[in-house]
Amino acid sequence: VVRNGTGGNGILLARPRMFLTNLSESEFVRSLGPEEVKDKKRLLAFFQHLHEGQFQVTPRFRELVRKDGVPWRYRWLAWRALSCYSSIHKSSIHERIAQRSMDPKTVELYMKDLDRTFPSIEEFDDDHKGHLA
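Residues numbered from 1 in each chain as written. Predicted model: local features only at pLDDT ≥ 70, side-chain atom pairs only at ≥ 80, totals over all residues. Heavy atoms only, no water.

Visitor: Where do I start with the nonpolar core in this structure?
Guide: With 16 residues, the main nonpolar core has F28, F46, F55, F61, V70 and Y74 as its most contacted residues. Mapped onto this core, the elements with two or more residues apiece are helix 3 (40–47), helix 4 (59–68) and helix 5 (75–83). Once you skip the residues sitting within four places of it in the chain, F61 turns out to touch F46, H49, F55, Q56, A78 and L82. (Core = buried A, V, L, I, M, F, W, Y, C linked by side-chain atoms within 4.5 Å. Buried < 20%, exposed > 50% of the residue type's maximum accessible area, 1.4 Å probe, protein only. Helix = DSSP H or I, 4+ residues; strand = E, 2+ residues; numbered from the N terminus. Contact = heavy atoms within 4.5 Å.)

Visitor: Explain the packing of aromatic side chains here, please?
Guide: The geometry of an aromatic ring pair comes down to the distance between the two centres and the angle between the two planes. If you walk through the whole model with that rule in mind, you get 7 aromatic pairs. Measuring from centroid to centroid gives 4.2 Å for F28 and F47, while their planes differ by 15°, and the two rings are stacked. Taken together, the positions of F28 in helix 1 (residues 25–31) and F47 in helix 3 put the pair 19 residues apart, joining distant regions of the chain. For the residue pair F28 and F47, the accessibility class agrees, reading buried in each case. Between the aromatic rings of F55 and Y74, the centroid separation amounts to 5.4 Å while the plane-to-plane angle is 75°, which identifies the pairing as edge-to-face. Placement of F55 in strand 4 (residues 54–55) and of Y74 in the loop between helix 4 and helix 5 is noted, with a sequence separation of 19 residues between them. Each member of the aromatic cluster is reached from another via a ring pair, and the members are F46, F55, F61 and Y74. We note R75 situated over the ring of W72; from NZ or CZ to the ring centre the distance is 4.3 Å. (Phe/Tyr/Trp six-rings, centres within 6.5 Å; stacked < 30°, edge-to-face > 60°. Lys NZ or Arg CZ within 6 Å of the ring centre and 35° of its normal.)

Next comes the structure, spelled out in structure tokens:
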């Protein structure tokens, strides 16, 4: 069961979201959890960019991401849209990229990003990071 609050690992958990419904803006605002209410303006801006449960990457959307950052609720959807995940996943490009050897500088950048993005996740601590490279 997922509920609002913080999980034992410090990750903010949210109740399940219905992305493929046609919520009005007022219904969306009423659906916000207590922690999300503080970030209502930014969440509403991202909500307005949703189309059938997905973000359409436009110059305006890119500017919103760059300027304001992506709220936790929309991180996965934004990443999928901005990285072209759907086209990469469907065309097996991912498998070809995964077969390539990584540039050591790229690995170093990933490791820095893990520290910044997941500072309290045990799977990404110094002992476990060695297995990721």
